[in-house]
Amino acid sequence: MYMLREFISSLSHWNTTTTERQKLQHSYLVIAVIAILTAGLVSLVSAKQGHTVARIALFAIGSFLANAVVWNLLNSALISKLPTKQKKNR
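Structural notes, computed from the coordinates. (Residues numbered from 1 in each chain as written. Predicted model: local features only at pLDDT ≥ 70, side-chain atom pairs only at ≥ 80, totals over all residues. Heavy atoms only, no water.)

**Description of a nonpolar patch on the surface**
Phase 1 of the analysis: A cluster of nonpolar side chains, Met1, Leu4, Phe7, Ile8, Leu11 and Trp14, forms an exposed patch at the surface whose accessible area comes to about 650 Å².
Phase 2 of the analysis: Positionally, phenylalanine 7 belongs in helix H1 (residues 2-17).
Phase 3 of the analysis: With relative accessibility at 51%, the residue phenylalanine 7 sits in the exposed group. (Patch = residues over 30% accessible without salt bridge, like charges linked within 9 Å, V, L, I, M, F, W, Y side chains within 5 Å. Areas by Shrake-Rupley, 256 points an atom, 1.4 Å probe, with all protein chains shown as cover. Salt bridge = Lys/Arg side-chain N within 4 Å of Asp/Glu carboxyl O. Helix = DSSP H or I, 4+ residues; strand = E, 2+ residues; numbered from the N terminus. Buried < 20%, exposed > 50% of the residue type's maximum accessible area, 1.4 Å probe, protein only.)

Printed below as a string of structure tokens:
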């Protein structure tokens, strides 16, 4: 029971301290790690099926890298150059 509460607390903290882009990147990495582990286990039974699952991991890693490149290009070329709104003091 304690472990479940700690896990929920950790997820809540992660949810409040990370941006949407970081959450997306984390999910790509988690999917890739789970797929790699699953591919290793499945390949013990069937090599062909293990390779199929490994392709899912490669797709997740490719998505992670593509997303990182696109976000960095957008941030450096566009977002950082946009004017920011100044807050009014009342």
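**Side note on helix H3 (residues 47-77)**
Phase 1 of the analysis: Here H3 is 31 residues long and its end C-alpha atoms lie 44 Å apart, about the 45 Å a rise of 1.5 Å per residue gives.
Phase 2 of the analysis: Where H3 is concerned, the buried positions are Gly50, Val53, Ala57, Ala60, Ser63, Asn67 and Ala68.
Phase 3 of the analysis: Check the buried side of H3 and you find it contacts helix H2 (20-45). (Expected span 1.5 Å × (residues − 1). Contact = heavy atoms within 4.5 Å.)

**Here we look at the pattern of salt bridges**
Phase 1 of the analysis: By the definition in use, this model includes one salt bridge.
Phase 2 of the analysis: The closest approach of N and O atoms between lysine 23 and glutamate 20, which form a salt bridge, is 3.6 Å. Residue lysine 23 and its partner glutamate 20 are located together in helix H2, separated by three residues, close to a single helical turn.
Phase 3 of the analysis: In this structure glutamate 20 comes out as exposed when scored by relative accessible area, which is 62%.

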